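Inside the fold
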Amino acid sequence: MERVYINKISEHVDKEITIKGWLYNIRSSGKLMFPEFRDGSGIIQGVVSKKEVSEKIWEDFAKLTQESSVIVKGKVTKHPKKENVYELQVTDLEIVQIAEEYPITPKEHGVEFLMDRRHLWLRSQRQVAIMRVRNEIVQSIREYFYKEGFTLFDTPIFTPNAVEGTSTLFSTDYFDLGKAYLSQSGQLYAESGAMALGKVYTFGPTFRAENSMTRRHITEFWMMEPEMAYYDIDDDMNLIEDFLEYVVQRVIVNCKSELETLERDITKLQNVKKPFPRVTYDEAIEILRKKDIPLIRKTANGEEEIRPFPWGEDFGAPHEEAIVEDYDKPVMVHRWPAEAKAFYMKRDPNDPKIALGVDVLAPEGFGEIIGGSQREDNLDLLVERIHEHKLPMEVFEWYLDLRRFGSVPHSGFGMGLERMVSWICNLEHIREAIPFARRPNRIRP
RNA sequence: UCGACGAUAGCUCAAUGGUGGAGCAUUCGGCUGUUAACCGAAGGGUUGCAGGUUCAAAUCCUGCUCGUCGAGCCA
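This is a predicted model, so every value here is computed, not measured.

Cut-offs used in this document
Residues numbered from 1 in each chain as written. Chains lettered and ligands numbered in written order. Predicted model: local features only at pLDDT ≥ 70, side-chain atom pairs only at ≥ 80, totals over all residues. Heavy atoms only, no water. Helix = DSSP H or I, 4+ residues; strand = E, 2+ residues; numbered from the N terminus. Buried < 20%, exposed > 50% of the residue type's maximum accessible area, 1.4 Å probe, protein only. Contact = heavy atoms within 4.5 Å. Areas by Shrake-Rupley, 256 points an atom, 1.4 Å probe, with all protein chains shown as cover. Lys, Arg positive; Asp, Glu negative; His and termini not counted. Charge placed at Lys NZ, Arg CZ, Asp CG, Glu CD. Pairing = 2+ DSSP bridges. Expected span 1.5 Å × (residues − 1). Near = heavy atom within 4 Å. Polar contact = N/O pair within 3.5 Å; in protein donor to acceptor, adjacent residues only side chain to side chain. 1 Å grid on protein atoms, 1.4 Å probe; cavity = no way out; pocket = protein on both sides within 12 Å on 5 of 7 lines; lining within 4 Å. Points joined across faces, edges and corners; volume = space filled by probe spheres on them. Nonpolar A, V, L, I, M, F, W, Y, C, P; charged D, E, K, R; others polar. pLDDT = per-residue confidence, 0-100. Core = buried A, V, L, I, M, F, W, Y, C linked by side-chain atoms within 4.5 Å. Phe/Tyr/Trp six-rings, centres within 6.5 Å; stacked < 30°, edge-to-face > 60°.

Of the regular secondary structure elements, chain A holds 13 helices and 20 strands. Judged by the C-alpha coordinates and their principal axes, chain A covers about 85 × 55 × 45 Å. Buried positions account for 50% of the 445 residues belonging to chain A. Counted over contacts in chain A with a minimum sequence separation of 6, partners at least 24 positions apart contribute 66%. Summed over all atoms, the accessible surface of chain A reaches about 22,100 Å², with 49% contributed by carbon and sulfur. Here chain A contributes 60 positive and 74 negative side-chain charges, whose respective centroids are spaced 6 Å apart.

The next thing to look at is the pairing of strand β6 (residues 86–97). Two strands pair when backbone bridges link them, and strand β4 (residues 43–49) and β6 are joined in this way by three bridges, in the parallel orientation. Paired with Q45 across the strands is E87, a residue of β6.

When the terminal C-alpha atoms of helix α4 (residues 125–147) are compared, their 33 Å separation across 23 residues agrees well with the 33 Å that a helix rising 1.5 Å per residue should span. Inspection of α4 places Q127, A129, I130, M131, V133, R134, E136, I137, S140, I141, Y144 and F145 among the buried residues, and these make up the whole buried set.

It is worth spelling out the protein's contact with RNA strand B at this point. N25, E87, P106, R215 and R419 are the nearest of the 54 residues found near RNA strand B. Near-protein atoms of RNA strand B (within 4 Å) split between backbone and bases, with sugar and phosphate holding 51%. At 2.6 Å, a side-chain N or O of Q45 approaches a base oxygen of RNA strand B. Looking at the surface near RNA strand B, the elements that each hand over two or more residues are β2 (16–29), β3 (32–38), β4, α2 (111–116), β12 (220–229), α10 (317–324), β19 (367–374) and β20 (410–416).

So, about unusual backbone geometry. At the junction of K274 and P275, the peptide bond is cis and its omega measures out at -10 degrees in the coordinates. With respect to the helices and strands, P275 occurs in the loop between α8 (266–270) and β13 (278–280). The residue after R307, namely P308, is reached through a cis peptide bond having omega -5 degrees. Structurally, P308 can be placed in the loop between β15 (302–306) and α10. Non-glycine residue E67 carries a positive phi angle of around 75 degrees.

Turning our eyes to something else, we now look at empty space enclosed by the protein. Considering all chains together, one arrives at one cavity of 30 Å³ or more under this definition. As a volume, the largest cavity reaches approximately 40 Å³. Lining the largest cavity are R208, E210, S212, H217, I218, T219 and P440. Each residue belonging to the lining of the largest cavity can be placed in one class, and the counts come to two nonpolar, three polar and two charged.

A word on the confidence of the model for chain A. In the predicted model, chain A carries a mean pLDDT of 92, and the fraction of residues at 70 or more is 98%. Mean pLDDT across the elements of chain A ranges from a minimum in β15, with 76, to a maximum in strand β7 (residues 151–152), with 98.

Within the largest apolar cluster, 61 residues are counted, with the highest numbers of intra-cluster contacts made by I137, I141, F145, F243, M420, W423 and I424. Per-element accounting of this core gives the leading share, ten residues, to helix α6 (residues 233–254). When near neighbours in sequence (up to four residues on either side) are disregarded, F243 contacts I141, Y144, F145, M224, F413 and M415. Listed in part, the 22 residues of the second largest apolar core include L23, F37, V70 and V76.

In this section: the packing of aromatic side chains. Per the stated rule, a full pass over the model turns up 21 aromatic pairs. Both rings, one in F315 and one in W336, keep their centres 5.2 Å apart while their planes meet at 55 degrees; by these two values the pair is tilted. Of this pair, F315 sits in the loop between β15 and α10 while W336 sits in strand β16 (residues 331–337), and the two are 21 residues apart along the sequence. The two residues F315 and W336 agree in class, both being buried. In textbook terms, an aromatic cluster arises when at least three aromatic residues are bridged by ring pairs, as seen for Y144, F145, F150, Y201, F243, Y246 and F413.

This part is about the sheet that holds strand β9 (residues 171–173). Each strand in a sheet pairs with another by means of backbone hydrogen bonds, the pair being arranged parallel or else antiparallel. Spatial ordering of the open sheet is given by β8-β10-β9, a layout of three strands whose pairing is antiparallel. The sheet terminates laterally at β8 (158–159) and β9, the two strands that pair on one side only. Pairing of β9 with strand β10 (residues 179–182) involves three bridges; the strand directions are antiparallel. Across the sheet, S171 pairs through a bridge with Y181, a residue of β10.

In this structure, the second largest pocket encloses a volume near 950 Å³. Residue assignment for the lining of the second largest pocket shows that the elements contributing at least two residues are β3, β4, β6, α4 and α7 (256–261). Here the lining of the second largest pocket is composed, by residue class, of eleven nonpolar, twelve polar and nine charged.

Here it is, written out as structure tokens:
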């Protein structure tokens, strides 16, 4: 009898098939049992009638516990009451293993309990759906950049230097060479790739030692960073919106049933089509002042509210929220005060106080999913910035070579995969967007 | 790091300073169309840890540990 995956079951109606999987749940009603089987591809309800099976099979079914591994044979039939739902009229059962008492019941559990058992929690329908969406996002990212002529350019995880702030680096001993740091970003290396290959992207794990306990932060996350030679900040934004539209539209088509499982309102994602609103920092300040949203600054004896919102300050969660709430698409906030931004961003030629950076804020309060910029391509200015930020020059010598040997205007951005997954799946917390989330208070399982 | 809140059965939660309960899970029994099935019965507790107040503490106080949510920082 042919072994069939549950998601292909509709192609086998009225046929005898074999399913290899696990018992998800079982209900009984006297001489009838309704076991639900899952095999990783889906879930199907079986029907076991005491009249139709041998006494041994009937008794074996009575022994089964949740998550016991089983191989079952039977005939695929249409559900008597439900459209497009199929059942398996079970004729045979082979028990692979009787599971011990399974801790995750089909009832409610607390977050800590589930995270302690993340390796088992991943079997539940909702988590399976999230992992499928994550997979689809990754696949569509790779296909987008492949079709657009980008080359995948893998960058190292062990690095000698910081890219973002030095206080957020994880360090480790590296033989006789002292400390190595876990990469916070592949960007600097990707820039060398762009000079070699024109258009590249890097996609891998990155690490930030930020003690951030919010629904948007994990210490180990996957980042996708394209880098393009001869792109300015506006080309960068054009790419961002084309890319985001492609990924989101593809996911809502290819992950229809997963998004249904997650009860995701698809209409909000269908809006994610070019063009996206582009708001300069100056315009964003106007919005904040009009809505009377103050800057909240910590002081010795508490907090003070500063209004109107002063020019030059970075935005916090309430400010992002106020800017995004008027739109139903991702919002690109660009041309930021240079002081608030990283050393490698190019200054606006018309206004040295402005950095040519862009933050993409996802709708529905999911916050920043992309940060990008045009990079400083002038050697002298870049050296000046490295001094200003008190970064160790010797470690950036190779990076400065990119400005010595055929420097060109270039741009790129970084997208946090788990934030993208959180947004598309409408997750309450980023810890569900990756199989095993790493947070300041958790490294297990 | 700061702030708010919390920790009671395997899980999710109740319990006015006065004999710690329920639902689910587990075990046993019943039920031929169940859908987080249902009905009946049973077992299951050093109330996070340490100290204090009191005739009496799950409950009030202090400290600690752990967690949740929010802020900052960021993708």
